[in-house]
Amino acid sequence: MKKILITFFLIIGFSFGYTVNELRLEAKIFEKVSVYLLSKKPVKVYILDNDLKLIVRYSPYLQKVDDPKKADMIITSQKLPTELITLNKIVIGTKYFLLKEKYVTGAIFWHKGRPNIILLRDRLKAHKIKPPKVLEKYVEDRIW
């Protein structure tokens, strides 16, 4: 019985550690992309999803705001309500399917255990953003 309990707690411990490391990595990715795109520190982000709000904890350059009007960028894993779309903010999705929405500028999502970054050229131009060289390899002309 003792071995089973120890094994159970080790599994939970490793699972939690992986989640924290994954959050840290995700926060770093969002931070780098945001800072490069907007050329400012800190970047004020409005986060629609409770699960994503934890990434701000692991980034000194992402500042969570509660008012979307004050945000530089919106991060979401779901379609936005109309009142947020009309704000015309940079929107980064965390799911690939969100790229089909015209208001979504790019996406950062996990696929097959690794992060993927896609930024759409025409939507960056609509926000008058010229991506720096470091992000150029992630810029696509269309979704695939």
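A brief report on the enclosed structure follows. (Residues numbered from 1 in each chain as written. Predicted model: local features only at pLDDT ≥ 70, side-chain atom pairs only at ≥ 80, totals over all residues. Heavy atoms only, no water.)

## Notes on the overall build of the protein
Cut-off, in case you're wondering: We count a stretch as a helix when DSSP gives it H or I for four or more residues in a row; a strand needs E for two or more, and each element gets its number in order from the N terminus. In this scheme, a residue with accessible area under 20% of its type's maximum is buried, one over 50% is exposed, and one in between is partly exposed, where area comes from a 1.4 Å probe on protein chains only. Any two residues whose heavy atoms approach within 4.5 Å at even a single point are treated as in contact.
Along its length, the protein carries four helices and seven strands. Starting at the N terminus, the α and β elements of the protein follow one another as α-β-β-β-α-β-β-β-α-α-β. When the 144 residues of the protein are sorted by exposure, 40% land in the buried category. For the protein, the share of sequence-separated contacts (at least 6 apart) that also reach a separation of at least 24 residues comes to 40%.

## Topic: the sheet that holds strand β1 (residues 43–47)
Put simply, the rule is: Here, strands pair whenever DSSP counts at least two bridges between them.
Read across the sheet, seven strands follow the order β2-β1-β3-β4-β5-β6-β7 without closing on themselves; strand pairing throughout is mixed. Single-partner strands in this sheet number two, and they are β2 (62–64) and β7 (139–140). Direction of pairing for strand β4 (residues 90–93) relative to strand β5 (residues 106–111): parallel, over a ladder of two bridges. Paired with Gly93 across the strands is Ala107, a residue of β5.

## Details of the environment of Leu84
With respect to the element layout, Leu84 can be found in helix α2 (residues 82–85). For Leu84, a relative accessible area of 7% gives the class buried. In the structure, Leu84 is positioned ten residues away from Ile74 in sequence and 8.9 Å away in space, judged by C-alpha atoms. Discounting residues that sit within four places of it in the chain, Leu84 has contacts with Tyr46, Leu48, Pro68 and Ile74.

## Focus on the packing of aromatic side chains
To keep things clear, this is the line we draw: Only the six-membered ring of Trp is used, alongside the rings of Phe and Tyr, when aromatic pairs are assigned; centres must lie within 6.5 Å, and planes under 30 degrees apart are stacked while those over 60 apart are edge-to-face, with the rest tilted. Criterion for a charge above a ring: Arg CZ or Lys NZ at most 6 Å from the ring centre, at most 35 degrees from the ring normal.
Inspection of every chain in the model, using the stated rule, returns one aromatic pair. On the numbers, 5.8 Å between centres and 65° between planes, the contact of Tyr96 with Phe109 is edge-to-face. You can see Tyr96 sitting in the loop between β4 and β5 and its partner Phe109 sitting in strand β5, a full 13 residues away along the chain. Directly above the aromatic system of Tyr61 lies the positively charged group of Lys41, at a separation of 4.6 Å from the ring centroid.

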